[in-house]
Amino acid sequence: MYGEMACVLLFSRLLPFSHRLRGTSVCLLSLFLSYLCYCALFPDSAVVQKSGNPPSSCQRADGAKRRLQKSLSCLPDASFADATQLKTDQRRASTLHVAGNNTPVPPMVNLKFGNKKLPNAIIVGVKKGGTRAVLEFIRIHPDVRAAGTETHFFDRNYDRGLEWYRGLMPRTLESQITMEKTPSYFVTKETPRRISTMSQDTKLIVVVRDPVTRAISDYTQTLSKTPDLPSFQELAFRNQSLGLVDMSWNAIRIGLYALHLENWLRYFPLAQIHFVSGERLITDPAGELARVQDFLGLKRIVTDKHFYFNRTKGFPCLKKPESSGSPRCLGKSKGRTHVQIDRDAIEQLRDFYRPYNVKFYEMVGHDFKWE
Ligand SMILES: Nc1ncnc2c1ncn2[C@@H]1O[C@H](COP(=O)(O)OS(=O)(=O)O)[C@@H](OP(=O)(O)O)[C@H]1O
């Protein structure tokens, strides 16, 4: 490069204008040829770092190569793993992904922060079971990234297509898993089939909770948005004195776990579904998270050292991270004081759910002890 510059200077000093014009053309031509040679030598210089090199290679590389490396792997937030990931991403960019339904879809590639992938694991339910807690707790694992909001893709937005869904996902490195949670999936008839069409390998997590407490929690939430709602008993019973429960009321229907599970087992083997106890999630969050990590094939990184019990909230919260930030409890809508329901109604609902609960325990091979 310096050779060409010197050449231009020399010509401009020593030669008359007409000669200078010819000389400059020669210099420009040689400059252009040098550039072509450079491109031929470093065709993929956008990602030149060797996968085995530590980030310090940023300081060792020379010239243009070093500048290109710096623009990627030496960014403060681009770790060595990111740089290696980028190389893989580039390779993958030249191929087409094939979704579970065999529809070829173009990969969404961003050279800076990895790819948006369809979820490997979904928290499919149940509403008011503790789904937000599980997602917020598991996503502190470095190998997990999750969509922040409920996507409702498989129940309300299915017509928008898989690319729309993928677009809602966070960018992940090859080693990271992508997750989302939408609790209504568990009770939506079409969802198991639709998820299995996307990928039969999708891991499913269901956070279950005593169906009676769950129904009261559900009602308390609806009441907070609709203050003139009929009473819980009016909605829960078709005839309370006869003990006739209204199974068509959503707050009741959702708790019939055995019935909903039957639909899932038509599309997924039981081993691909993990059940979290909503009760133990509160008394022993680390224990439940250990099982979730095992199920997802992750190293047990989220442990009891991440939690503390917040007396004011009455729930476990996440401790302040070592680096910065503040302790994190879930929002006000999680852990509300429930509406008081009379003992008789609760007993009647317990009697109603008992056979369904027993069936559910048999199906999953675990007694959740909802008595
Ligand atoms: N750590 C922690 N902090 C706060 N809340 C916790 C926690 N762990 C579990 N739970 C229980 O989560 C219940 C809400 O469940 P979901 O997140 O599934 O609700 S939702 O369906 O997304 O609306 C919520 O229900 P309610 O207590 O009825 O409000 C909680 O009991």
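Residues numbered from 1 in each chain as written. Predicted model: local features only at pLDDT ≥ 70, side-chain atom pairs only at ≥ 80, totals over all residues. Heavy atoms only, no water.

Novice: Quick one: what's the story with helix α14 (residues 285–295), residue by residue and with numbers?
Specialist: The buried fraction of α14 is high, at nine of eleven residues. Residues Pro 285, Ala 286, Gly 287, Glu 288, Leu 289, Ala 290, Val 292, Gln 293 and Phe 295 constitute the buried set of α14. Turning to α14, the residues buried within the fold contact α6 (131–138), β9 (203–208), β12 (273–277), α13 (278–283), β13 (307–310) and β14 (315–318). Taken from the residues just after α14, Gly 297 is the one with a positive phi, measuring 70 degrees. (Buried < 20%, exposed > 50% of the residue type's maximum accessible area, 1.4 Å probe, protein only. Helix = DSSP H or I, 4+ residues; strand = E, 2+ residues; numbered from the N terminus. Contact = heavy atoms within 4.5 Å.)

Novice: Tell me about the UniProt feature "binding site: 3'-phosphoadenylyl sulfate" (unreviewed entry) in the protein, and name the residues and values.
Specialist: Residues annotated in UniProt with the feature "binding site: 3'-phosphoadenylyl sulfate" (unreviewed entry) correspond here to Lys 128, Gly 129, Gly 130, Thr 131, Arg 132, Arg 209, Ser 217, Lys 334, Gly 335, Arg 336, Thr 337 and His 338. Here Thr 131 lies in helix α6. Look at Thr 131 and you get buried, because its relative accessible area is 5%. Once residues within four sequence positions are removed from consideration, Thr 131 is found in contact with Ile 123, Gly 125, Val 126, Lys 181, Pro 183 and Val 207. Looking at the secondary structure, you find Thr 337 in the loop between β14 and α15 (343–364). Note on Thr 337: relative accessible area 74%, which makes it exposed. (UniProt positions renumbered as here; feature names shortened; annotations may be inferred.)

Novice: Go over the site of the ligand with me, naming the residues and quoting the values.
Specialist: Taken together, 25 residues lie near the ligand, and Thr 131, Lys 181, Ser 217, Gly 335 and His 338 sit nearest. For the ligand, an oxygen atom lies 3.3 Å from a polar atom in the backbone of Gly 129. Take Gly 130: an N or O atom from its main chain is 3.0 Å from an oxygen atom of the ligand. Considered on its own, the ligand offers 650 Å² of accessible surface; in the complex 96% of this is hidden by protein. Among the elements of the structure, α6, α9 (211–225) and β14 are those that each provide at least two residues to the shell around the ligand. Looking at which element gives the most residues to the shell around the ligand, the answer is α6, with four residues. Class assignment of the residues belonging to the shell around the ligand gives a composition of eight nonpolar, eight polar and nine charged. (Near = heavy atom within 4 Å. Polar contact = N/O pair within 3.5 Å; in protein donor to acceptor, adjacent residues only side chain to side chain. Areas by Shrake-Rupley, 256 points an atom, 1.4 Å probe, with all protein chains shown as cover. Nonpolar A, V, L, I, M, F, W, Y, C, P; charged D, E, K, R; others polar.)

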